[in-house]
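Each chain, written out:
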Amino acid sequence: SGIEKNTSIHGVLRPGVTLLLEPPCCLCHTAPMMIRFLSLSVFCCLVLACSSTPPVEEVEPDHGAGTVIRHSPELDAIVPVDYTIEKLDDGFEFIEGPVWVKDPGYLLFSDVRGDTIYKWAPGAKSEPFLRPVYSGPPLENPGAIGPNGLTIDGEGNLVILEYGNRRVTRMPLAGGDREILADKFEGKRFNHPNDLVYHSSGALYFTDPPLGRAGEDKPPEQELDFAGVYRLDPDGELTLSSTELKRPNGIALSPDENILYVANTDRERLIWMAWDVQPDGSITNGRVFFDATNLEGTGVPDGMKIDSEGNLYCTGPGGILILTPEGKHLGTIQLPEQPSNVAWGDADGKTLYITPLPHPAQHPWTAAGGCEVEPRTRTARLSVKIKSRPSQAPVPSESPTQVGPGWMRPGG
């Protein structure tokens, strides 16, 4: 296409504060203005009287390639004031699906358009882990044909949602053939499997949004009449759990596994849904957990993860929204690009790795189904890390069913 690749990976986050303190509501609008003016006058006089010893100005620390906007002081217990955002690597096209492999300690992530799974280890450049992934017929305009969501199952295998091949597969981390776990529902091919999370029972929940863009007619190659949330049980039984959302995307389980959250990447309905998980794995009582319709900023609900206290880290309008289990918006992590997904990593599970979307551009690209997608350059960044202070972070757990900070469930 003649477009230069320029994609990157970032690094470490620890919070800075922007709090707006309002005057008591009983005062009229002129009162706070006067108070501020008088305070300024007194300050100026003091400066003139003590000009030989000028006051020391507080310098905002350099947080790196991004910032944290705080809406509540509760966020201080999660993201410390000395956070850092670090760029790690670049040279990709459209990256997604990050997952941390605990032993020996490296990150895997998908380049959906580059048809590659990459491996990044601390102190090294990213290198291809698996390429190619797409195995279908040649396409005139390939677009997003590669892997998307990734996770590690309870046996240490890599589980891949193959966006272009429209199936769920797994393979040993050491390498080898990929085994198809599921590719059809009631004899019809999936749309585009997108994101996934494991339950401690071994059941795999995953999302399957439709082909093409929102607002378009169903492409002829789409065989299903709906977008779905599925559960794949260890015995191979596939259950359609929900068809309530037009574009289900990111998915996560609460630490106690009693709630399943799903993001809806639909510009007409920017929400995250929540369902109660029953003992048999079915989900009930679907309700809107958080509505981002009125939030400022670009982006739609996409990938997400949960920490060991049940707080959600959701890519959405304006960046990465940090939400309490009650749905309170504590703050937003803002990066130069709109993030697509996140993953907990490092030995203590307290580092948040972030994959951003490409920048807008003048050159449209075409998805695997032949539908023109909104213009983007062939660039993206892989960002990293919200590092929490150990004294303020939840206690780490080694259980594979737990989540960071502290460690993460497979796919969570």
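Thresholds, definitions, all that
Residues numbered from 1 in each chain as written. Predicted model: local features only at pLDDT ≥ 70, side-chain atom pairs only at ≥ 80, totals over all residues. Heavy atoms only, no water. Pairing = 2+ DSSP bridges. Helix = DSSP H or I, 4+ residues; strand = E, 2+ residues; numbered from the N terminus. Axes fitted to C-alpha atoms, helices over the stretch in contact; angles between N-to-C directions. Phe/Tyr/Trp six-rings, centres within 6.5 Å; stacked < 30°, edge-to-face > 60°. Buried < 20%, exposed > 50% of the residue type's maximum accessible area, 1.4 Å probe, protein only.

Asks: Sorry, what's going on with the sheet that holds strand β4 (residues 95–101) here?
Replies: Each strand in a sheet pairs with its neighbour through backbone hydrogen bonds, running either in the same direction (parallel) or in the opposite one (antiparallel). Read from one edge to the other, the open sheet built from 4 strands follows the order β4-β5-β6-β7, with strand pairing classed as antiparallel. Each edge of the open sheet is held by one strand with a lone partner, namely β4 and β7 (127–130). Averaged over all pairs of adjacent strands, the angle between strand axes in this sheet comes to 35°, irrespective of strand direction.

Asks: Help me understand the packing of aromatic side chains in this model?
Replies: Each pair of aromatic rings is reported with the distance of its centres and the angle of its planes. Per the counting criterion, the structure on display carries 13 aromatic pairs. Relative to Y118, the ring of F92 has its centre 4.9 Å away and its plane inclined at 65°; by these criteria the two rings are edge-to-face. In this pair, F92 sits in the loop between β3 (86–90) and β4 while Y118 sits in strand β6 (residues 116–120), placing the two residues 26 residues apart along the sequence. Assessed through its relative accessible area of 3%, F92 is described here as buried. Ring plane angle 85° and centroid distance 4.9 Å describe the contact between Y313 and W344, whose orientation is recorded as edge-to-face. Separated by 31 residues along the polypeptide, Y313 in strand β23 (residues 312–316) and W344 in strand β26 (residues 339–345) bring together distant segments of the chain. Y313 gets classed as buried once you look at its relative accessible area, which sits at 0%. On the basis of relative accessibility, which here comes to 1%, the residue W344 falls in the buried class. Taken together, the ring pairs connect F185, F190, F206, F226 and Y230 into an aromatic cluster.

Asks: I would appreciate a short explanation of the sheet that holds β23 in the present structure.
Replies: Read from one edge to the other, the open sheet built from 5 strands follows the order β2-β25-β24-β23-β22, with strand pairing classed as antiparallel. The sheet terminates laterally at β2 (67–70) and β22 (304–306), the two strands that pair on one side only. Recorded for the sheet is a direction-independent mean angle of 20° between the axes of neighbouring strands. Sheet topology places β22 next to β23; 3 bridges connect them, and they run antiparallel. Directly across from M304, in β23, lies its bridge partner C314.

Asks: What should I look at first to understand the environment of E326 in this one?
Replies: Inspection of the secondary structure puts E326 in the loop between β24 (319–323) and β25 (329–334). Sequence spacing of E326 and F290 is 36 residues, and the spatial spacing of their C-alpha atoms is 9.2 Å.

Asks: Help me understand the pairing of strand β9 (residues 157–162) in this model?
Replies: Where a strand is regular, its side chains alternate between the two sheet faces. Most of β9 sits out of view: 6 of its 6 residues are buried. Of the two faces of β9, the one lined by N157, V159 and L161 and the one lined by L158, I160 and E162 are each fully buried. Across 4 bridges, strand β8 (residues 147–152) lies against β9 in antiparallel orientation. Its bridge partner lying in β9, P147 is registered against E162. Between β8 and β9, which pair antiparallel one after the other, the connecting turn spans 4 residues, and G156 there sits at a positive phi close to 85°. The pairing of β9 with strand β10 (residues 167–172) spans 6 bridges and is classified as antiparallel. What sits directly across from I160, in β10, is T169. The hairpin formed by β9 and β10 contains 4 residues between the paired strands, and R166 there has a positive phi angle of roughly 60°.

Asks: Looking at this model, I keep getting lost on the pairing of β7. Mind explaining?
Replies: When β6 meets β7, the two strands line up antiparallel, connected through 3 bridges. Counted as the bridge partner of Y118 is P128 from β7. Hairpin connection of β6 to β7: 6 residues between the antiparallel strands, including G123 at a positive phi of 85°.

Asks: Hey, could you run me through unusual backbone geometry in this one?
Replies: Trans peptide bonds make up most of the peptide bonds, and negative phi angles are found at most residues other than glycine. Cis rather than trans, the peptide bond between D103 and P104 has omega equal to 15°. Take P104: it is sitting in the loop between β4 and β5 (106–111). Cis geometry marks the peptide bond from R131 to P132, where omega comes out at -5°. Tracing the backbone through its elements, the reader meets P132 in the loop between β7 and β8. One non-glycine residue, D115, adopts positive backbone phi at about 55°. Within the element layout of this structure, D115 appears in the loop between β5 and β6. The exposure class assigned to D115 is buried, which follows from its relative accessible area of 10%. Of note, the phi angle at R166 is positive, near 60°, even though the residue is not glycine. Among the structural elements, R166 can be located in the loop between β9 and β10.

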